[in-house]
Structure formats: C-alpha cells, structure tokens
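Structural features, examined
The primary structure of each chain is shown beneath.
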Amino acid sequence: MKIRSFPRPATATRLCAALMLSFGLAAGASADVTVGVILSTTGPAASLGQPAENTVKLWPDSIGGEKLKVIMLNDASDPTEASRQAAKLINEEKVDVIVGSSVTPPSIAIVEVAGNSATPVIALGGGNAIIEPQEGARTWAFKMAAPEAISVQRALEHMAAHGVKKAGAIAVSTSYGNGFLNAFTEQAKDHGIEISGVERYGAQDLSVTAQILRLVAAKPDAIYILSFGTPAFLPQAELAKRGYQGKIYQTHGVANADFLRVGGKDVEGTFLAVAPVLVAEQLPEDDPTKKAGVDYVTQYEGKHGAGTRSLFGSTAWTALNWLQATVPVALKEAEPGTPEFRSALRDALENMKEVVSPEGVFNMSKENHNGIDSRGQVVVEIKDGKWKLAQ
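This part covers the sheet that holds strand β12 (residues 271–274). Spatially, the 7 strands line up as an open sheet ordered β9-β8-β10-β11-β12-β15-β16, and their pairing is mixed. Of all the strands in the sheet, the pair left with one neighbour each is β9 (194–201) and β16 (386–389). Adjacent strand axes in the sheet meet at a mean angle of 25 degrees when their direction is disregarded. In this sheet, β12 lies alongside strand β11 (residues 247–250) in parallel orientation, the contact comprising 2 bridges. Along β12, the bridge assignment pairs Tyr249 with Phe271. Against the sheet, helix α8 (residues 233–241) touches β8 (166–172), β9, β10 (222–226) and β11, its axis set at about 155 degrees to β10.

Turning our eyes to something else, we now look at helix α11 (residues 311–331). Its 21 residues give α11 an end-to-end C-alpha distance of 30 Å, which sits within 8% of 30 Å, the value for a rise of 1.5 Å per residue. Across the 21 residues that make up α11, a large majority, 17, are buried. The N-cap of α11, judged by a side-chain oxygen 3.2 Å from the amide nitrogen of Phe312 a few residues on, is Ser310.

Attention shifts here to the pairing of strand β2 (residues 33–39). For β2, the tally of buried residues reaches 7 of 7 residues, placing the bulk of the element in the interior. The alternating pattern of β2 places Val33, Val35, Val37 and Leu39 on one face and Thr34, Gly36 and Ile38 on the opposite face, and all of these are buried. Examined bridge by bridge, β2 and strand β4 (residues 66–74) share 7 bridges and lie parallel to one another. Looking across to β4, one finds that Val35 is bridged to Val70. Judged from the 4 bridges that link them, β2 and strand β5 (residues 97–100) form a sheet pairing that is parallel. Counted as the bridge partner of Ile38 is Gly100 from β5.

The rules we used
- Residues numbered from 1 in each chain as written.
- Predicted model: local features only at pLDDT ≥ 70, side-chain atom pairs only at ≥ 80, totals over all residues.
- Heavy atoms only, no water.
- Pairing = 2+ DSSP bridges.
- Helix = DSSP H or I, 4+ residues; strand = E, 2+ residues; numbered from the N terminus.
- Axes fitted to C-alpha atoms, helices over the stretch in contact; angles between N-to-C directions.
- Contact = heavy atoms within 4.5 Å.
- Expected span 1.5 Å × (residues − 1).
- Buried < 20%, exposed > 50% of the residue type's maximum accessible area, 1.4 Å probe, protein only.
- Polar contact = N/O pair within 3.5 Å; in protein donor to acceptor, adjacent residues only side chain to side chain.

This is the structure in structure tokens:
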C-alpha cells in the first residue's frame, strides 16, 4: 500500500472552523480530501495499472485549495480483491472518492461496494457495464473511456474507408470483450461490412490456434481483436504466425508502450480507435484536447522517458482533471470526510460541462455518466514501433 498523506489541522482549528460555519461565517473546509486509488498493478492487466500508478505519483499535493491524501492499493486484476480493497478504503480510510480499477470486471466490483456505501467512483475501466443501467449502485459511478459504440464506430468507419468488406472478430470472454463484440455485431452492417466469423477466448488462455484458424479460413479483409493488455497480443501473435495479410484492428485496451515492446514486428500496421493523447503532438492545432494531452505527455515522459505514454496513464490524469473541476464545487457544500461531501462530489461529477482532459471533452448528465463524444476518439496505426495518427 502506498500512502501520500499530509498532517491534518489541529483539532482546535477544525472546531473553530465548524463554529464559524454554524454561525454562517465564511470558512473553508479543514479536512484533507482523501482519494482511494485501486489499480491492477499485477496480474493480466498489470500493463494498464502500472502507468496509471506512475501517473498518480505525479498528482499535486493539494486540490481545490485543500491538502490531498492519496491511498493506492493493488487489486491484482481480480474482482474479488478489488471488492475487498474498496471495502477497506470505505470502512477504514473513510475515503471521499475511489478512482479505479484499471479494467472493467474489477471496476464493476468496486462500484457494487462503493455505490451501496454512497461513495462516488471514477472508474478507469472501459466497459459501459460499469455505469449502465443508471440505477442502484451505478448512480455513484462514472467512467471516462469512450463507450464501445463510439470506439467501434470509429474503427468501422476506417475499415469501410479502406476497402474492408468482410471482417472477423475474436473477443476475450469478459464484460470488456462482450461490450465491444455487441457493438461490433450491431454496427457492422450499417457500414457495409459482413461479419465473416466470431471467436471467443479466455484472458488466461495460452493458445488461440483453433480460433484463429477458423477466422482466417473465412478469408476476411480484416480481423478485429476485442481484448486488453497482455491477453490481446495472443491472437495477434497467432495471426502473424499464420501469415495473415489482412488488416488487423485492436481496441484501446492495448494502448500502452508494453504492447509495442512485446509485440514488436508482429503488431506493425495494427489500427485502433483510441483517445487522442496517444498522438497528442500529431493532432491538428484546433483539436480541443491537444494542449491537455501535450502537457500530460511532457510531464509523464519527462519522468519516465520518451515513448512511455499510454492511454492508461492518461486515464489517471483525467481522473485528476475531473477532481480539479468538481472538488471545489463540493467544498462549497460540505467538509471532506462527510457523507454530505461525498454526495456533493457525486452531484458535481454528474453535472460537469466541457471539462477537457487528454482523453477528450466531457459533458455529464443524470442519464450519461461517461459524457464523452466523438472528440475523444481518433484512429492510430502502429508504424515503426510508434503510434501514428492514421489517415
């Protein structure tokens, strides 16, 4: 467990502030803003959690004029562990908000615990199942990754523009893979693309040879791999081994330097729809996310080296951007560490308007706890071991 904490004001000072508030006098909140962060820094999603951990370490020491206390925990990519850690943060640490987890299944587990305890969650996982349907515990949950529908639409538009008529898909058997597969099957026909075959595999599987042989036998123009992290490379390695010559698409679940490093020449030419931060410097000058993206990349790569940026690090920076936009609003209503502050923070998140981050521009509502639009997705290509804005 990593803790960054700062001394609280003296008890007498807090009592004085409370008395001032009770008499209607101006007084700022006196308690630290406490943020619990749960990331998948080990296990199958470790390549997603580690850059997020690195990014949280770049967060400032205060937020909204109040000292910031951050408690980081590792869920080992496991929903059961994520649930346990969420309960610990809520019951023992009395956190004001939880940020995490790195992927969808642990994020859902966190939401179930936190939402039922009236604690807001800023999820870094990508699946819409984290926030939909907007009822029960999910009314306390928010997530930043573009919905599967927007991401898949971008990929299908690129396929159609580049002559793809038939496409196969292989999806990891998790809620993340299910969400992308549903979006793909629903939208493909609208883009004039026939689905030539669909295969599934487990995140812990060691071979997908049979699935890839069936997909390739149908002679598709493209194959869409609907997976994340290390498991996403398995189908691509098999396609390279079989000499597949069609186009290959991945999801934003592989948008990190580890995928480039592990994949090497086998992932050259791969396309994916992803948040614009991955190619921040290559964006047009009028892109609303360019400045935020370049600023984040400059800080992160200044610390960790050129080419180390990833979507998953920038999600943790976007979480900070959201908190910077909403904590000051909640502080007007209540003091950190109270149920009233947590409720006010939830409401402030739900009413964010035009909040810009490296991931996109966010406009939340009661019905939409994601709030991103098409400005949050571009298509990139892996070329010479680097991310390139695709044409």
